[in-house]
Amino acid sequence: MKNFDITIPTRILFGRDTEKQVGACIREYGFHKVLLHYGGGSVKKNGLLDRVEESLRAEGIEYVELGGVQANPVLSMVRQGIKLCLEEQVDFILAVGGGSVIDSSKAIGDGAGNPEDDVWSYFLKEAAPVHHIPVGVILTLAASGSEMSQSAVLTNEENGLKRGFNSWTHQPLFSICNPELTYTVNKFQTGCGTVDIMMHTLERYFGWSRDSAVTDRIAEGLLKAVIEAGRIADRNPEDYEARASLMWAGSLSHNGLTGLGREFLMQVHQMEHELSGMYPRIAHGAGLSALFCSWSRFVCPAAVERFAQYAVRVWNVEMNFENPMATALAGIQATEDFFKSLQMPVSLEELQVEPEKFQEMADKCTNFGARTLPGIRELGKQEMIQIYQMAYPRR
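Conventions adopted
- Residues numbered from 1 in each chain as written.
- Predicted model: local features only at pLDDT ≥ 70, side-chain atom pairs only at ≥ 80, totals over all residues.
- Heavy atoms only, no water.
- Helix = DSSP H or I, 4+ residues; strand = E, 2+ residues; numbered from the N terminus.
- Buried < 20%, exposed > 50% of the residue type's maximum accessible area, 1.4 Å probe, protein only.
- Salt bridge = Lys/Arg side-chain N within 4 Å of Asp/Glu carboxyl O.
- Core = buried A, V, L, I, M, F, W, Y, C linked by side-chain atoms within 4.5 Å.
- Contact = heavy atoms within 4.5 Å.
- Polar contact = N/O pair within 3.5 Å; in protein donor to acceptor, adjacent residues only side chain to side chain.
- Pairing = 2+ DSSP bridges.
- Axes fitted to C-alpha atoms, helices over the stretch in contact; angles between N-to-C directions.
- Phe/Tyr/Trp six-rings, centres within 6.5 Å; stacked < 30°, edge-to-face > 60°.
- Parallel < 35°, antiparallel > 145°, perpendicular 65-115°, else oblique.
- Left-handed = near helix turned anticlockwise from the far one by under 90°.
- Arc of directions from axis to C-beta.
- Patch = residues over 30% accessible without salt bridge, like charges linked within 9 Å, V, L, I, M, F, W, Y side chains within 5 Å.
- Areas by Shrake-Rupley, 256 points an atom, 1.4 Å probe, with all protein chains shown as cover.

Peer 1: Would you take a moment to explain unusual backbone geometry for this structure?
Peer 2: Glycine aside, a negative phi is what most residues show, and trans is what most peptide bonds show. You will see that asparagine 316, though not glycine, has its phi angle at about 60 degrees, which is positive. Its location among the elements puts asparagine 316 in the loop between α12 (304–315) and α13 (324–341). One non-glycine residue, phenylalanine 368, adopts positive backbone phi at about 60 degrees. With respect to the helices and strands, the residue phenylalanine 368 is situated in the loop between α14 (358–365) and α15 (381–390). Its relative accessible area of 59% is what places phenylalanine 368 among the exposed residues.

The structure is reproduced here in structure tokens:
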């Protein structure tokens with residue numbers, strides 16, 4: 001087990017009607033003026049925004065609003081939010097939405113806290129934020145885990161680059177998680193969320209440091225719970241326990257818990273960022289489901305025992321001791337079959353990605369030759385192109 005250092009200070013208010021506590025919660029921390037940041041019209045249509053505003057007014061907290069965050073949040077919106085925060089002297093940012101809104105809020109907090117810097121320089125890792133405006137969350141989509149993580153991902157729409165970085169400034173002060181707020185999430189987005197939650201754990205599980213038995217069991221248990229809950233929520237969107245399991249698993253899958261003591265770099269996430277950076281119409285979870293099993297088949301020969309363990313413990317595949325590779329491949333196939341059962345894509349062809357773009361995506365993913373991606377098998381440009389090609393045929 002590798003050394004690790006973990007602190008997860010985000011306060012979680014979990015359960016029915018918890019969003020009604022947001023005004024009192026913000027007042028408890030002593031903030032006075034809030035940027036209320038959200039995405040499309042759903043929070044207005046379902047009355048959530050009205051309930052949040054009412055809670056803020058009841059506690060005498062001023063607020064300004066900035067809506068319109070899109071899936072795969074963009075730099076231009078962040079710059080708009082930074083300007084608004086500085087003009088209005090905002091001292092707290094409340095993200096009402098899913099991962100895109102939360103990541104946009106985190107980036108705004110970085111930029112407004114350090115107005116002398118260009119916020120994009122943080123995502124290029126040319127600088128790091130020193131100060132920030134704190135962020136709180138009302139979660140409406142179980143997927144990214146951003147409500148309890150130090151991660152943020154942003155797309156610069158001018159050059160199509162999608163980049164992320166981790167920072168202590170990104171740790172939300174609190175997150176309000178009411179599973180009922182996810183009842184209206186459609187079938188496709190529920191599937192995308194289920195995939196994203198699984199991937200945050202799988203990418204840690206298949207890191208290249210192999211001796212972390214307790215972490216393995218935590219990860220395997222979480223994966224089995226998500227698979228079960230994902231199936232139920234797919235059939236019955238208003239099953240509270242299934243939605244609650246997905247929401248809580250989403251938080252736990254990306255707060256560091258499922259990777260403690262292991263080394264990892266999320267290779268599939270890195271490669272997917274080039275997909276949804278180049279094609280903003282592609283949902284992140286859909287891009288992950290289209291790539292993961294091809295990546296797995298590509299790297300599996302370098303970690304057959306690891307993939308076989310996953311197959312046995314998560315998918316209940318019977319171990320073939322004479323041919324462990326057969327067991328490993330059966331686990332990958334079970335994962336693919338599960339994604340298909342949620343009507344998630346398992347090829348880039350389904351996402352209408354042009355093969356002639358693979359080289360450009362690999363160039364961007366290697367930062368134009370400046371890096372490779374370490375892991376079970378190190379990935380350079382040619383390896384990435386091979387994986388993109390493997391992911392193209394419809395299975």
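Read on for the rest.
Peer 1: Could you clarify how one ought to interpret the pattern of salt bridges in this entry?
Peer 2: Once their charged atoms are close, side chains differing in charge can pair, the charge on each being opposite to the other. Applying the stated criterion to the full structure yields 18 salt bridges. Salt-bridge contacts for lysine 33 lead to glutamate 88; the nearest nitrogen and oxygen are separated by 2.8 Å. You can see lysine 33 sitting in strand β2 (residues 33–38) and its partner glutamate 88 sitting in helix α4 (residues 75–88), a full 55 residues away along the chain. A single salt-bridge network, built from bridges that share partners, covers Asp216, Arg262 and Arg306.

Peer 1: What is the right way to read the nonpolar core from this model?
Peer 2: One broad rule of soluble globular proteins: the nonpolar side chains tend to lie buried together. One finds Phe307 and Leu348 to be the most contacted residues of the largest nonpolar core, which totals 102 residues. Leucine 348 has contacts with Leu275, Ala290, Leu291, Val353, Phe358, Tyr388, Ala391 and Tyr392, leaving out every residue within four places of it along the chain. If you look at the next biggest cluster of nonpolar residues, it comprises 21 residues, including Val22, Val34, Val96 and Ile176.

Peer 1: What is the right way to look at the environment of tyrosine 122 in this model?
Peer 2: Positionally, tyrosine 122 belongs in helix α6 (residues 119–123). Expressed as a C-alpha distance, the spacing of tyrosine 122 and aspartate 110, which sit 12 residues apart in the sequence, is 8.8 Å. In this view, tyrosine 122 contacts Asp110, Asn114, Asp117, Ala127, Ala128, Pro129 and Phe165; residues no more than four positions away in its chain are not counted. Among the polar contacts made by the side chain of tyrosine 122, one reaches the side chain of aspartate 117 at a distance of 2.7 Å.

Peer 1: Quick question: what am I supposed to make of the sheet that holds strand β4 (residues 92–97) here?
Peer 2: One key point about sheets: their strands pair by backbone hydrogen bonds, in either a parallel or an antiparallel sense. Across the sheet, six strands lie side by side as β1-β8-β5-β4-β2-β3; this open sheet has parallel pairing. Strands with a single pairing partner mark the edges of an open sheet, and in this sheet they are β1 (11–14) and β3 (62–66). Neighbour-to-neighbour, the strand axes of the sheet open up by a mean angle of 20 degrees, direction not taken into account. Where β2 lies against β4, five bridges are found, and the strand directions are parallel. Paired with tyrosine 38 across the two strands is valine 96, which belongs to β4.

Peer 1: Help me out: how do you make sense of the packing of aromatic side chains in this one?
Peer 2: Summed over the entire model, instances satisfying the criterion amount to 18 aromatic pairs. Arranged with centres 6.3 Å apart and planes meeting at 50 degrees, the rings of tryptophan 295 and phenylalanine 307 form a pair that is tilted. Of the two residues, tryptophan 295 sits in helix α11 (residues 284–299) while phenylalanine 307 sits in helix α12, which places them 12 residues apart along the sequence. Comparing tryptophan 295 with phenylalanine 307, the two get one shared label, buried. Considering the side-chain rings of tryptophan 315 and phenylalanine 338, the 5.9 Å spacing of their centres and the 55 degrees angle between planes classify their relative orientation as tilted. Highlighted residues: tryptophan 315 in helix α12 and phenylalanine 338 in helix α13, separated in sequence by 23 residues. Residue class for tryptophan 315 comes out buried when judged on its relative accessible area of 14%. Taking the relative accessible area as the measure of exposure, phenylalanine 338 reaches 2% and is therefore buried. Aromatic rings pair up to connect Tyr205, Phe206, Phe292, Trp295, Phe307 and Tyr310 into one cluster.

Peer 1: Hey, could you run me through the packing of helix α1 (residues 22–29) against helix α3 (residues 48–58) in this one?
Peer 2: Helix-helix packing: each pair is described by the crossing angle between the helix axes and the interaxial distance. It is at 7 Å that the axes of α1 and α3 come closest, and there the two elements cross at 40 degrees. Judged on the interaxial angle alone, α3 and α1 are oblique. When you trace α1 past α3, the crossing you get is right-handed. Side by side, α1 and α3 meet where Val22, Gly23, Ala24 and Ile26 of the first sit next to Val52, Ser55 and Leu56 of the second.

Peer 1: Hey, could you run me through the pairing of β4 in this one?
Peer 2: Side-chain direction in a regular strand flips from residue to residue, so the side chains alternate between the two faces of the sheet. Counting buried positions over the six residues of β4 gives six, a clear majority of the element. Alignment of β4 against strand β5 (residues 135–139), held across five bridges, turns out to be parallel. Following the sheet pairing, isoleucine 93 is matched in β5 by valine 135.

Peer 1: Where do I start with α14 in this structure?
Peer 2: Given 3.6 residues per turn, any residue in an α-helix points the same way as the ones three and four places further on. Of the positions making up α14, those classed as buried are Phe358, Met361, Ala362, Lys364 and Cys365. The arc enclosing the buried residues of α14, seen along the axis, measures out at 160 degrees, which places them on a common side. The positive-phi residue at the C-terminal boundary of α14 is asparagine 367, with phi of around 55 degrees.

Peer 1: Would you take a moment to explain the environment of threonine 215 for this structure?
Peer 2: Here threonine 215 lies in helix α8 (residues 213–235). Expressed as a C-alpha distance, the spacing of threonine 215 and leucine 257, which sit 42 residues apart in the sequence, is 7.4 Å. Setting aside anything within four residues of it in sequence, one finds threonine 215 in contact with Leu257, Thr258, Gly259, Leu260 and Arg262. At a separation of 2.7 Å, a polar atom in the side chain of threonine 215 contacts the main-chain carbonyl oxygen of leucine 260.

Peer 1: I would appreciate a short explanation of a nonpolar patch on the surface in the present structure.
Peer 2: Where nonpolar side chains cluster on the molecular surface, the patch consists of Met1, Phe4 and Ile6 and spans about 290 Å² of accessible area. Inspection of the secondary structure assignment puts phenylalanine 4 in the segment before β1. With a relative accessible area of 44%, phenylalanine 4 lands in the partly exposed category.

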